[in-house]
Amino acid sequence: NAGVTQTPKFRILKIGQSMTLQCAQDMNHNYMYWYRQDPGMGLKLIYYSVGAGITDKGEVPNGYNVSRSTTEDFPLRLELAAPSQTSVYFCASSRDSGSPYEQYFGPGTRLTVT
Amino acid sequence: TQLLEQSPQFLSIQEGENLTVYCNSSSVFSSLQWYRQEPGEGPVLLVTVVTGGEVKKLKRLTFQFGDARKDSSLHITAAQPGDTGLYLCAGDYNQGGKLIFGQGTELSVKP
């Protein structure tokens, strides 16, 4: 199993550009999450999904959009990139039964907006 | 709004020393998880604690959940350079799968 995969690993965007961060998991997990990590700030939840077709906002959703058309994929869309979106983005997944939402993380995407 | 506070934020010690990291909240968790993150990688789950007063050991790491399920600690015995990394606690407040993460403790163990 590859676990949780994310692409790209690094990206530089100009202000106002758009992009999609890709995330896929092969563990058949229903729950998937997008976080951003800024220095000294821990992880902040952007959006999450409890299954295909169902998404909900987290703590910091402004400037982002998500979709969940399949169990495996959970892309994060940035529209009109701003310098405040410079961060490291992590995708994660978890089971929705058994263990209490233990999360498996991808390797992250480091995004710089200039 | 639930808040998880970790302390200390930074810790730099010599190999062989012991250390304790704390995670505190004013709210009750249904469970709490500890993760370790190395530079350039995603966090990796170390342990989950569920029952108040629970103690779990993972080699030289000891995790404790407070009796009231509002706090937790991570104790490392005889730290090694390989323990260097960011330690994150994450609380489950029964919010349908959403976790709240602390800001992390950056640990550096020097040989």
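Report follows, based on the coordinates.

What counts, and at which threshold
- Throughout this description, residue numbers start from 1 for each chain and increase along the sequence as written.
- Naming scheme: in the order in which they are written, chains are lettered from A and ligands are numbered from 1.
- For this predicted model, a pLDDT threshold of at least 70 governs which residues receive local features, and a threshold of 80 or more governs which side-chain atom pairs are given and counted, while totals over whole chains, interfaces and linings are taken from all residues.
- Processing note: side-chain calculations cover all non-hydrogen atoms of the structure and skip hydrogens and water entirely.
- Only rings of Phe, Tyr and Trp enter the pairing, Trp through its six-membered ring, and a pair is recorded when the two centres are within 6.5 Å. The plane angle decides the type: under 30 degrees is stacked, over 60 is edge-to-face, the rest tilted.
- Helix numbers and strand numbers start at the N terminus; a helix is a DSSP run of H or I with at least 4 residues, a strand a run of E with at least 2.
- Only protein chains enter the calculation, and the probe is 1.4 Å; a residue is then buried if its accessible area is under 20% of its type maximum, exposed if over 50%, and partly exposed in between.
- Throughout, the protein atoms alone are placed on a 1 Å grid, and a set of points is a cavity if a 1.4 Å probe fits but cannot get out or a pocket if it is open with protein on both sides within 12 Å along at least five of seven lines; lining residues have an atom within 4 Å of a point.
- Grid points are joined across faces, edges and corners, and a volume is the space filled by probe spheres set on the points.
- Each residue gets one of three labels, nonpolar for Ala, Val, Leu, Ile, Met, Phe, Trp, Tyr, Cys and Pro, charged for Asp, Glu, Lys and Arg, and polar for the others, Gly among them.
- Sulfur atoms of two cysteines make up a disulfide when they are within 2.5 Å.
- The criterion is simple. A nonpolar core is a set of buried Ala, Val, Leu, Ile, Met, Phe, Trp, Tyr and Cys residues joined through side-chain atoms within 4.5 Å.
- Here a residue-residue contact requires only that any non-hydrogen atoms of the pair lie within 4.5 Å.
- Two parts placed together each lose some accessible area; with a 1.4 Å probe, that loss summed over both constitutes the buried area.
- N or O atoms within 3.5 Å of each other form a polar contact, as long as, within protein, one can give a hydrogen and the other can take it, and as long as residues adjacent in sequence are counted only when both atoms are side-chain atoms.
- Only strands joined by at least two bridges in the DSSP assignment are considered to pair.
- Throughout, an axis means a line fitted to C-alpha atoms (over the contacting stretch in the case of helices), and angles, computed between N-to-C directions, take values from 0 to 180 degrees.

1. Remarks on the packing of aromatic side chains
Part 1 of the reasoning: For the structure on display, the rule yields 13 aromatic pairs over all chains.
Part 2 of the reasoning: With a centroid separation of 5.7 Å and 45° between ring planes, the pair formed by Tyr35 of chain B and Phe101 of chain B is classed as tilted. Note that Tyr35 of chain B is positioned in strand S4 (residues 31-37) and Phe101 of chain B in strand S10 (residues 99-101), a separation of 66 residues in sequence.
Part 3 of the reasoning: Relative accessible area serves as the criterion here: at 0%, Tyr35 of chain B is assigned to the buried category.
Part 4 of the reasoning: The class of Phe101 of chain B is buried, set by a relative accessible area of 8%.
Part 5 of the reasoning: In this structure an aromatic cluster arises from ring pairing among Tyr33, Tyr35, Tyr48, Phe90 and Phe105 of chain A together with Tyr35 and Phe101 of chain B.

2. Overview of the layout of surface pockets
Part 1 of the reasoning: The space that makes up the largest pocket amounts to roughly 500 Å³.
Part 2 of the reasoning: Contributing to the lining of the largest pocket are 25 residues, with Gln37, Val88 and Arg110 of chain A together with Gln37 and Gly40 of chain B lying nearest its centre.
Part 3 of the reasoning: Of all the secondary structure elements, the ones that give two or more residues to the lining of the largest pocket are strand S9 (87-94) and strand S11 (109-113) of chain A.
Part 4 of the reasoning: Here the residues of the lining of the largest pocket are counted per class, giving nine nonpolar, ten polar and six charged.

3. Notes on the state of the cysteines
All names here are of chain A.
Part 1 of the reasoning: Per the counting criterion, the structure on display carries two disulfides over all chains.
Part 2 of the reasoning: One disulfide in the model links Cys23 with Cys91; its S-S distance is 1.8 Å. Disulfide Cys23-Cys91: torsion about the S-S bond near -70°, hence left-handed. You can see Cys23 sitting in strand S3 (residues 19-25) and its partner Cys91 sitting in strand S9, a full 68 residues away along the chain.
Part 3 of the reasoning: On the accessibility criterion, Cys23 (2% relative accessible area) is buried.

4. Regarding the nonpolar core
Part 1 of the reasoning: Ranked by size, the top nonpolar core spans 22 residues in total, and within it Leu19, Leu32, Trp34, Leu74, Ile76 and Leu107 of chain B carry the most contacts.
Part 2 of the reasoning: For this core, the elements supplying multiple residues, two or more each, are strand S3 (19-24), S4, strand S5 (44-49), strand S7 (61-65), strand S8 (71-76), strand S9 (85-92) and strand S11 (105-110) of chain B.
Part 3 of the reasoning: The contacts of Leu107 of chain B, once residues within four sequence positions are left out, are Leu11, Ile13, Leu19, Ile76, Asp83, Thr84, Gly85 and Tyr87 of chain B.
Part 4 of the reasoning: Counting residues in hydrophobic clusters, the runner-up holds 19 residues, among them Met32, Tyr89, Cys91 and Val113 of chain A.

5. Topic: the side chain of Ser73 of chain B
Part 1 of the reasoning: Here Ser73 of chain B shows up in strand S8.
Part 2 of the reasoning: The residues touching Ser73 of chain B, leaving out its near neighbours within four places in the chain, are Thr20, Val21, Tyr22, Trp34, Thr62, Phe63 and Gln64 of chain B.

6. Topic: the interface of chain A and chain B
Part 1 of the reasoning: In this complex, chain A contributes 20 residues to the contact, which on the side of chain B involves 22 residues.
Part 2 of the reasoning: Carbon and sulfur atoms supply 56% of the area buried between chain A and chain B, which totals about 1600 Å² over both sides.
Part 3 of the reasoning: On the surface where chain A and chain B come into contact, there are five residue pairs in polar contact (both at pLDDT 80 or more).
Part 4 of the reasoning: Looking at the side of chain A that touches chain B, the elements that each hand over two or more residues are strand S4 (31-37) and strand S5 (43-51) of chain A.

7. Thoughts on the side chain of Arg36 of chain A
Part 1 of the reasoning: Inspection of the secondary structure assignment puts Arg36 of chain A in strand S4.
Part 2 of the reasoning: Side chain to side chain, Arg36 of chain A and Asp38 of chain A meet in a polar contact 3.2 Å long.

8. Considerations on the sheet that holds strand S1 (residues 5-7) of chain B
Residue and element names in this part refer to chain B.
Part 1 of the reasoning: Pairing in this open sheet of five strands is antiparallel, and the strands run S1-S3-S8-S7-S6 from one edge to the other. The sheet is open, and its two edges are formed by S1 and strand S6 (55-58), each paired on a single side. Ignoring strand direction, the axes of neighbouring strands in this sheet form an average angle of 15°.

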